[in-house]
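The lines below spell out each chain.
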Amino acid sequence: MPERRHRTQAERRAHTRAALLDATITCLVELGYARTSVQEICARAGVSKGAAQHHFADKAELMAAAVEHLTTRLAERNTPDATELPAGPERVAALVDLLWRSYSGTLAIAAMELWIAARTDPSLATAMRPVDKALGRSTLDRIAELVPDVPRRRLETIFWLTVNLARGLALDAELGGDPRRRERLLAEWKRVATALYSET
């Protein structure tokens, strides 16, 4: 039987940090920002409050780190593999579907909680703006590589309209809106986005 390797202190710290950030996202989804406390996060992460303070001084610092953690995970989901996408105009419709899935899942719910809370929390807003912009920029750059024949200005229009539609529809879903209406709106937007692509 192979000897079990003990984790280094750096590995243990990284594991504790990741556990706290994952628990933060879970709390945001299940409880919302207002009801998410450091105590609840620690309980779910299996970490003492004292140990958590070695990583994050307070809730604001923890939430700022959660924004970056969340952004990294969203970026991973938003990065498509070119081999999995159809060619030509159908690629635009497939990218719209990808962005919708990215901005309407569990991670997006946590992000939405933070965006809404940031409206009245200046420190959270300050933490969110740069990482949110970085996520948009990196996702847009990747999509530009996948559809290089679309002028950048037009691609940006298609991308940001898609992102904002997806965020609005995700909120509609959370509020119990009609799923058939969302499907119709997405289908109509894919038709329009494909037409914009075809103008090249």
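Scroll up to find the structure this text is about.
The residue numbering used here restarts from 1 in each chain and proceeds along that chain's sequence as written. Owing to the predicted nature of the model, reporting of local features is limited to residues with pLDDT of at least 70; listing and counting of side-chain atom pairs is limited to 80 or more, with chain, interface and lining totals taken over all residues. The basis for the side-chain values is all heavy atoms of the structure; hydrogens and waters are excluded.

**Let's talk about the environment of Met63**
Here is the rule we go by: A run of H or I in DSSP counts as a helix once it spans at least four residues, and a run of E counts as a strand once it spans at least two, with each numbered from the N terminus. In this scheme, a residue with accessible area under 20% of its type's maximum is buried, one over 50% is exposed, and one in between is partly exposed, where area comes from a 1.4 Å probe on protein chains only. Throughout, a contact is declared for two residues whenever any of their heavy atoms are within 4.5 Å.
Relative to the helices and strands, Met63 resides in helix H4 (residues 59-77). Taking relative accessible area as the criterion, Met63 reaches 0% and is therefore assigned buried. It is 8.4 Å that separates the C-alpha atoms of Met63 and Ala127, two residues lying 64 residues apart in sequence. Sequence-distant contacts of Met63, that is, excluding residues within four places in its chain, are made with Thr24, Leu28, Tyr33, Thr36, Ile41, Leu114 and Leu124.

**A word on the pattern of salt bridges**
Spelled out, the test is: Definition used for salt bridges: Asp or Glu carboxyl oxygen within 4 Å of a side-chain nitrogen of Lys or Arg.
All chains considered together, the criterion is met by eleven salt bridges. The salt bridge partner of Arg167 is Asp132, with a shortest N-O separation of 3.3 Å. With Arg167 in helix H8 (residues 152-174) and Asp132 in helix H7 (residues 122-146), the pair connects residues that are 35 residues apart, well separated along the chain. Accessibility expressed as a relative area gives 23% for Asp132, which makes it partly exposed. Members of the salt-bridge network, linked through shared partners, are Glu30, Glu40 and Arg44.

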